[in-house]
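So you can see what is in the structure, the chains are spelled out below.
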Amino acid sequence: MDVVAAIEGCEDAFRCTEIRQRGSGATAAAAEFAEPCGIAKVMRRAELAWRRELAAQTIADLMAEAPAGAPSRARRFHERLRA
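What counts and how
Residues numbered from 1 in each chain as written. Predicted model: local features only at pLDDT ≥ 70, side-chain atom pairs only at ≥ 80, totals over all residues. Heavy atoms only, no water. Helix = DSSP H or I, 4+ residues; strand = E, 2+ residues; numbered from the N terminus. Rg over C-alpha atoms; globule rule 2.2 N^0.38 Å. Buried < 20%, exposed > 50% of the residue type's maximum accessible area, 1.4 Å probe, protein only. Contact = heavy atoms within 4.5 Å. Areas by Shrake-Rupley, 256 points an atom, 1.4 Å probe, with all protein chains shown as cover. Lys, Arg positive; Asp, Glu negative; His and termini not counted. Charge placed at Lys NZ, Arg CZ, Asp CG, Glu CD. Patch = residues over 30% accessible without salt bridge, like charges linked within 9 Å, V, L, I, M, F, W, Y side chains within 5 Å. Salt bridge = Lys/Arg side-chain N within 4 Å of Asp/Glu carboxyl O. Disulfide = S-S within 2.5 Å.

1. Focus on the overall build of the protein
Then, in step 1: Counting secondary structure elements, the protein contains four helices and zero strands.
Then, in step 2: Over its C-alpha trace the protein gives a radius of gyration of 21 Å, far above what one expects of a compact globule, namely 12 Å for 83 residues.
Then, in step 3: Considered along the principal axes of its C-alpha atoms, the protein spans approximately 60 × 30 × 15 Å.
Then, in step 4: For the protein, the proportion of its 83 residues judged to be buried stands at 10%.
Then, in step 5: Pairs at least 24 apart in sequence give 61% of the contacts found in the protein among residues at least 6 apart.
Then, in step 6: Of the accessible surface of the protein, which amounts to about 6900 Å², a share of 61% is contributed by carbon and sulfur atoms.
Then, in step 7: If you average the places of the 13 positive and of the 12 negative side-chain charges in the protein, the two averages end up 6 Å apart.

Okay, here's the thing in structure tokens:
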């Protein structure tokens, strides 16, 4: 999760644009939008689950699960990039 946050930032992946307040909802009272809609609620739960899963993993965990020879392949790849 630290790597994702460093690259992507800490903002949520889903950004609600409150489409309920457009079109026929534009004339509705503000109180009708006090609670997030069902889509926003589900997306928030998914976001939190995704972040928790990533936060539970470390780079060391990923390296331990990598196929044999993966570190040397990664090193060769990075060496080619620098050449």
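2. Considerations on a positive patch on the surface
Then, in step 1: A cluster of basic residues, Arg-73, Arg-75, Arg-76 and Arg-80, forms a positive patch at the surface.
Then, in step 2: Residue placement: Arg-75 occurs in helix 4 (residues 70-82).
Then, in step 3: For Arg-75, a relative accessible area of 49% corresponds to the partly exposed category.

3. Details of the side chain of Glu-47
Then, in step 1: Mapped onto the secondary structure, Glu-47 falls in helix 2 (residues 38-55).
Then, in step 2: For Glu-47, a relative accessible area of 6% translates into the label buried.

4. Observations concerning the pattern of salt bridges
Where charged atoms from two side chains of opposite charge come close, those side chains can pair.
Then, in step 1: Within this structure, the stated rule accounts for four salt bridges.
Then, in step 2: A salt bridge links Asp-12 to Arg-44; the shortest N-O distance between them is 2.9 Å. Residue Asp-12 is located in the loop between helix 1 (2-8) and helix 2, and its partner Arg-44 is located in helix 2; the two are separated by 32 residues in the primary sequence.
Then, in step 3: Residue Asp-12 is classed as partly exposed on the basis of its relative accessible area of 28%.
Then, in step 4: Judged by its relative accessible area of 38%, Arg-44 is partly exposed.
Then, in step 5: A salt bridge links Glu-18 to Arg-20, with the nearest nitrogen and oxygen atoms 2.8 Å apart.
Then, in step 6: Here Arg-20 falls in the partly exposed class, since its relative accessible area comes to 26%.

5. A closer look at the state of the cysteines
Linking two cysteines covalently through their sulfur atoms gives a disulfide.
Then, in step 1: Within the structure shown, the criterion is met by zero disulfides.
Then, in step 2: Sulfur of Cys-16: no disulfide; nearest cysteine sulfur belongs to Cys-37 and is 5.1 Å away.
Then, in step 3: Accessibility expressed as a relative area gives 41% for Cys-16, which makes it partly exposed.
Then, in step 4: With a relative accessible area of 18%, Cys-37 lands in the buried category.

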